[in-house]
Amino acid sequence: MIGFLRGKIARKAPPWIVLDVNGVGYEIEAPMTVFYDLPEVGAEIILQTQLIVREDAHNLFGFANEADKMLFKTLIKINGVGAKLALTILSGQSAEEFQLCVQNNDTQALIKLPGVGKKTAERLVMELRDKLPKSDNTQAIVLSKTGNARSEAISALCSLGYKPLEASQMVSAIEHEGKSCETIIRLALQGSVK
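In what follows, the accompanying structure is described.

**A word on the side chain of Ser91**
Phase 1 of the analysis: As for its placement among the helices and strands, Ser91 is situated in helix H3 (residues 83-92).
Phase 2 of the analysis: At 2.8 Å, the side chain of Ser91 and the backbone nitrogen of Met32 are in polar contact.
Phase 3 of the analysis: In contact with Ser91, other than residues within four places in its own chain, are Pro31, Met32, Thr33 and Tyr36.

**Concerning the environment of Trp16**
Phase 1 of the analysis: Relative to the assigned elements, Trp16 resides in strand S2 (residues 16-21).
Phase 2 of the analysis: Sequence separation between Trp16 and Glu27 is eleven residues; the distance between their C-alpha atoms is 6.6 Å.

**Re the nonpolar core**
Phase 1 of the analysis: In terms of nonpolar packing, the biggest core is built from 28 residues, with Phe72, Leu75, Phe98 and Leu124 touching the most fellow members.
Phase 2 of the analysis: Counting residues per element, the ones that place at least two in this core are strand S5 (58-63), helix H2 (66-75), H3, helix H4 (95-103), helix H5 (107-111) and helix H6 (118-128).
Phase 3 of the analysis: Here Leu124 is in contact with Leu75, Ile78, Val81, Ile89, Phe98, Val116 and Arg129, once residues within four sequence places are set aside.

**Points about the packing of aromatic side chains**
Phase 1 of the analysis: Going through the model one piece at a time under the given rule, you end up with two aromatic pairs.
Phase 2 of the analysis: Judged by centre distance (5.0 Å) and plane angle (40 degrees), the rings of Phe61 and Phe72 are tilted. In this pair, Phe61 sits in strand S5 while Phe72 sits in helix H2, placing the two residues eleven residues apart along the sequence.
Phase 3 of the analysis: Given the relative accessible area of 0%, Phe72 is considered buried.
Phase 4 of the analysis: Considering the side-chain rings of Phe63 and Phe72, the 5.0 Å spacing of their centres and the 45 degrees angle between planes classify their relative orientation as tilted.
Phase 5 of the analysis: Judged by relative accessible area, Phe63 falls into the buried class, the value being 0%.
Phase 6 of the analysis: Aromatic rings pair up to connect Phe61, Phe63 and Phe72 into one cluster.

Definitions and limits used
Residues numbered from 1 in each chain as written. Predicted model: local features only at pLDDT ≥ 70, side-chain atom pairs only at ≥ 80, totals over all residues. Heavy atoms only, no water. Helix = DSSP H or I, 4+ residues; strand = E, 2+ residues; numbered from the N terminus. Polar contact = N/O pair within 3.5 Å; in protein donor to acceptor, adjacent residues only side chain to side chain. Contact = heavy atoms within 4.5 Å. Core = buried A, V, L, I, M, F, W, Y, C linked by side-chain atoms within 4.5 Å. Buried < 20%, exposed > 50% of the residue type's maximum accessible area, 1.4 Å probe, protein only. Phe/Tyr/Trp six-rings, centres within 6.5 Å; stacked < 30°, edge-to-face > 60°.

Below, the structure written as structure tokens:
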């Protein structure tokens, strides 16, 4: 099993990243959330990985953090959810946002994701309700907090009443590199007023 890879980005063409690890180029399929924070070609990164071996292919999937990887592994165990749909879900929402949707029975936010219909959204909520970590506060995001300002800002916007997908889009619309959580929230709220 390949748990993670550290190497230089040789090529990035969503949803594929080619990672040069000591002269070996690994083709890794990743959700779009990974691409949002990727540095330029040639930069060194670490990706959490999941190898899926099938009769006709060996597919390597990459994730920015352990929470996204664990959610991917959980999703592909659900009947009717394969690797492609799991990647689509993680491309539209972070693991934290997805957990919040499941915890709040927010099937409407899940239906907005490509490839997720009403029945699939209901199945995801029903089957994952007991499999994802619980929180005492239904607005808290508890699935392996990354601790970065971006995810903290999304969590804060959700507790202000914004839907997880909307909060994510608000935060993604601004440049958050090097900014504090408070600054990102302020800028996101200013952007939503315009």
